[in-house]
Amino acid sequence: MSRPLPGSVSPDGVAKRPAVDGGAQAAQLVLASALLQFAPGLAAPGPRKAWGLDRLVLDNVWGESVLRSLLRSGGSDLHVSFAATSRRDPSVSRGERPLVQSSVLSLPGNGQGLAVGVGLAIGQTHLHAIHGSLFKHRVFVLCTDAALPSAVASESSSLAGHLKLSSLVILCFRDGFTGTEDTAQRYEAYGWTVVDVALNEVQPLLSALEATQDTNQPTLIFARPPDASTGAVLSADECRNIVQAGADMAVAWEKAFSSQASSDPALHGDLVRRFSGQLPENWQDNLPMYQFGERAGGTRNYSAKVLGHLVSELPEMIGGSADLTGSNLTNQAALKDFQHSRPQNRYLRFGVREHGMQGICTGLAAYGCFLPFCSTFTNFVTYGWGAVRLAASAAAQVIYVTTHDSIELGEDGPTHQPIECLSLFRALPNLLTFRPADGTETVAAYETAILARGCPSLLALCRGGTPHLKGSSREGVARGGYIVSDFDGGLAPLVVFAGSGTEVALCCEAKELLQTVGVGARVVSIPCWELLEQQDQAYYESLFSVESSLPSNLAPVRVYAEAGSTLGFNRFAEVHVGMTTFGASGNAKDVKKHFGFEKVDVAQKVMEALQAKRLVESFKVGRFGFCKFSKIVQAAMTD
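All values reported here derive from a predicted model rather than from experimental measurement. (Residues numbered from 1 in each chain as written. Predicted model: local features only at pLDDT ≥ 70, side-chain atom pairs only at ≥ 80, totals over all residues. Heavy atoms only, no water.)

All right, on to the overall build of the protein then. A tally of helices and strands in the protein yields 21 helices and 20 strands. Taking 26 Å as the expected radius of gyration for a compact globule of 639 residues, we find that the protein reaches 28 Å, a close match to that expectation. Structurally, the protein occupies a C-alpha span of about 95 × 50 × 45 Å along its principal axes. Counting only residues that meet the buried cut, the protein has 60% of its 639 residues in that class. Across the protein, every contact between residues at least 6 apart in sequence was considered, and the portion connecting residues at least 24 apart equals 78%. Taken as a whole, the protein presents about 24800 Å² of accessible surface, with 50% of it coming from carbon and sulfur. The average position of the 53 basic charges and that of the 60 acidic charges among the side chains of the protein differ by 3 Å. (Helix = DSSP H or I, 4+ residues; strand = E, 2+ residues; numbered from the N terminus. Rg over C-alpha atoms; globule rule 2.2 N^0.38 Å. Buried < 20%, exposed > 50% of the residue type's maximum accessible area, 1.4 Å probe, protein only. Contact = heavy atoms within 4.5 Å. Areas by Shrake-Rupley, 256 points an atom, 1.4 Å probe, with all protein chains shown as cover. Lys, Arg positive; Asp, Glu negative; His and termini not counted. Charge placed at Lys NZ, Arg CZ, Asp CG, Glu CD.)

Let's shift gears to the packing of aromatic side chains. Any aromatic ring pair is given by two values, namely how distant the centres are and how the planes are angled relative to each other. The tally for this structure, following the rule as stated, stands at 22 aromatic pairs. Aromatic side chains Trp-62 and Phe-173 sit 5.7 Å apart centroid to centroid with 15° between the ring planes, which places their arrangement in the stacked category. Placement of the pair is Trp-62 in the loop between strand 1 (55-59) and helix 2 (64-73) and Phe-173 in strand 5 (residues 168-173), with a sequence separation of 111 residues. Residues Phe-135 and Trp-253 carry aromatic rings whose centres are separated by 5.9 Å and whose planes lie at 75° to one another, so their mutual orientation is edge-to-face. You can see Phe-135 sitting in the loop between helix 3 (112-131) and strand 4 (139-144) and its partner Trp-253 sitting in helix 7 (residues 236-263), a full 118 residues away along the chain. The exposure classification of Phe-135 matches that of Trp-253, with both residues buried. Members of the aromatic cluster, joined through ring pairs, are Trp-51, Phe-135, Trp-253, Phe-257, Phe-275, Tyr-367 and Phe-370. Above the plane of the ring of Trp-529 lies Arg-426, whose end atom (NZ or CZ) is 3.9 Å from the centre. Seen from the ring of Tyr-539, Arg-479 lies directly overhead, with NZ or CZ sitting 3.7 Å from the centre. (Phe/Tyr/Trp six-rings, centres within 6.5 Å; stacked < 30°, edge-to-face > 60°. Lys NZ or Arg CZ within 6 Å of the ring centre and 35° of its normal.)

Each regular strand displays side chains that alternate between the two surfaces of the sheet. The element strand 13 (residues 457-461) is largely enclosed, with a buried count of 5 among its 5 residues. Here strand 13 shows no split at all, with Ser-457, Leu-459 and Leu-461 on one side and Leu-458 and Ala-460 on the other all buried. Pairing of strand 11 (residues 399-403) with strand 13, which is carried by 5 bridges, proceeds in the parallel orientation. Directly across from Thr-402, in strand 13, lies its bridge partner Ala-460. In this structure, strand 12 (residues 432-434) lies alongside strand 13, joined through 3 bridges in parallel fashion. Its bridge partner lying in strand 13, Leu-432 is registered against Ser-457. Between the parallel pair strand 12 and strand 13, the chain is carried across by helix 14 (residues 439-451), and the sense of this crossover is right-handed. (Pairing = 2+ DSSP bridges. Right-handed = clockwise from strand over helix to strand, strands pointing away.)

So, on to the confidence of the model for the protein. Across the protein, the average pLDDT comes to 90, with 91% of residues at or above 70. Per-residue pLDDT stays below 50 along residues 1-21; that stretch engages in 35 contacts with residues further than four places along the chain or on separate chains. Across residues 84-88, confidence stays below pLDDT 50; counting only partners more than four residues off in sequence or on other chains, it has 9 contacts. (pLDDT = per-residue confidence, 0-100.)

Using the residue numbers shown here, the UniProt feature "domain: Transketolase-like pyrimidine-binding" (unreviewed entry) corresponds to residues 297-468. Between the end C-alpha atoms of residues 297-468 there is a gap of 9 Å, over a span that is 36% helix and 16% strand. (UniProt positions renumbered as here; feature names shortened; annotations may be inferred.)

Of all hydrophobic cores here, the largest spans 92 residues; its most connected members are Val-495, Phe-497, Val-519 and Leu-610. The dominant element in this core, judged by the number of residues it contributes, is helix 16 (residues 502-515), at 8 residues. With residues up to four places along the chain from it excluded, the contact list for Leu-610 reads Leu-494, Val-495, Val-519, Val-557, Leu-615 and Val-616. (Core = buried A, V, L, I, M, F, W, Y, C linked by side-chain atoms within 4.5 Å.)

This part covers helix 11 (residues 354-367). Here helix 11 spans 20 Å end to end across 14 residues, near enough to the 20 Å set by a 1.5 Å rise per residue. The element helix 11 is largely enclosed, with a buried count of 14 among its 14 residues. Immediately beyond the C-terminal end of helix 11, within one or two residues, lies Gly-368, with a positive phi of roughly 115°. (Expected span 1.5 Å × (residues − 1).)

What follows deals with the sheet that holds strand 18 (residues 575-579). Taken together, 5 strands build an open sheet; the order of strands is 14-16-15-17-18 and the sheet is mixed. In this open sheet, the two edge strands, each paired with only one partner strand, are strand 14 (482-485) and strand 18. Within this sheet the neighbouring strands show an average axis-to-axis angle of 25°, counted without direction. Relative to strand 16 (residues 519-525), strand 15 (residues 492-499) runs parallel, the two sharing 7 bridges. The residue bridging Ala-498 from the neighbouring strand is Val-524, located in strand 16. (Axes fitted to C-alpha atoms, helices over the stretch in contact; angles between N-to-C directions.)

Turning to the domain arrangement of the protein, a few remarks are in order. By the assigned domains, the protein splits into domain 1 (22-86 + 93-252), domain 2 (294-468) and domain 3 (477-638). Each of domain 1 and domain 2 was reduced to a C-alpha centroid, and the two centroids are 29 Å apart. Facing 42 residues of domain 1, the contacting portion of domain 2 comprises 40 residues. Across the contact surface, domain 1 and domain 2 share 11 residue pairs in polar contact (both at pLDDT 80 or more). At the level of secondary structure, the elements contributing two or more residues to the side of domain 1 that touches domain 2 comprise strand 3 (104-107), helix 3 and helix 4 (151-163). Sorting elements by how many residues they give to the side of domain 1 that touches domain 2 places helix 3 first, with 14 residues. (Domains from an automatic or database assignment. Polar contact = N/O pair within 3.5 Å; in protein donor to acceptor, adjacent residues only side chain to side chain.)

This part is about the sheet that holds strand 11. The strand order across the open sheet built from 6 strands is 9-8-10-11-13-12, with neighbouring strands paired in parallel fashion. Here the strands that pair on one side only, and so sit at the sheet edges, are strand 9 (347-349) and strand 12. The mean angle between the axes of side-by-side strands here comes to 20°, regardless of whether they run parallel or antiparallel.

So, in structure tokens, the structure goes:
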């Protein structure tokens, strides 16, 4: 005879039975019951301190209500971290890490949870290789078979099979959404152990879970729907016993972990530091320094040096590239590859799996002691945009290192040249997007991203050379924008340039050209729009306002330059130097010239705007250039 489903408790202490919607909830009930019996550590009280206990991911929040009901029946609750935007506490700030406060993650979106589970399993495997039995735990994922055909699940699962992540177990309810393919055969080809059980009773599922302890592969357990009635429900006493067992396991783990403080205090202390979200003392002291006049390079080259230094200094940094290491330059530190036979290593060869890669890094961030980074071309971030969006909504600290950030990448053409990407990145809440202009700004972008504990960050880096700017500032990057080159006091202050990345140097070149005809200009670098928008109004106005004797209705022309979509430029300027079409294939210099990204083109556009505002009567840009100011400007300059 079946027992009622534990649920909310009435005033008389009797558990109520919530509405049951047939096979799906019955399946959740059997799966949750078996899982809690097999892994009572999942019921350990939160917030999580026993970091070496089992982890659980609920893909598309599947099974959450039933798990919560069972644990409440046992006198506890489901201590879960939510990544669903609708459930996120609006008070969470970038200084907090809500994703790493629980052993259970409940994630929206079919398939995203599988990628996160793979990330958790990579984290567990790495720590087990270094810390031994302290991190000999399992990672479970509850999902339906609707998740398995998704790109993010397929990419992540194939990598998990290659890496032989034996701690990973997917419990998948067969609800008939896989179409006509043989999913079991596909997973076997990935290198998984595949098991099929019926959910009429808990015991067959328990036996399947027990068998996962003796395999060197990840395991996929297909669960077929149960009959209408099942005797699988845990009693309230059984639920209380599971909750108590979970609490006991947490105490035992913390005791074992404390003993490590005596046997290896340095290793122990570093792990405590990492799980608490702290950084080593003086970690910024020896960051690379760049000086004005040094040889120019691409910001991806500057990034290579900075990232190479950081991964050597910060053992929590782990990551890799989507088969573009030689182009992204993400392993200048020569980190050794993470493989099944070498899990202590920290460089991940993701292959062409952008969606899986970005989801896996969310899982690594969720583990609690890692600072993951991953890399691809800027345009290819969109292949896995769902994972980036999830990381932002979940406040997961991931650093996306993207290169080839504009049309200047040249011959690869429009398929590789990002146009809309920067606008897309900046539109996403809780994502910091950095487009540094030179070496100093690249250092500061990494520095700021590492300190931003409650959000992901993305760096958009160029392929071609860009010079080190005389006025570049690490402190300015931390504020999102700053004056990199100010007005010449002897010239009419008529133009304020702003831009990011390689176009900041272009603005400086255009400024110099304008100065030859007597037009004064300021250049503002805005490497991070999001951080600039957090500054107070007085600071913001100090960048764009000008003290001059010109009438207030004749404010300087504001110009924003960036080799991408002009969407959003109106926040800063009325004159836009950007892209409104796809790019083109060709030599980088020729492509930039074709689309008007040369100093003469920019200066010409600015002078036309000055003329339209009646600040200039006539002009010529370039050789034998001149500028005839309007009478009102001449009068102001005389005064």
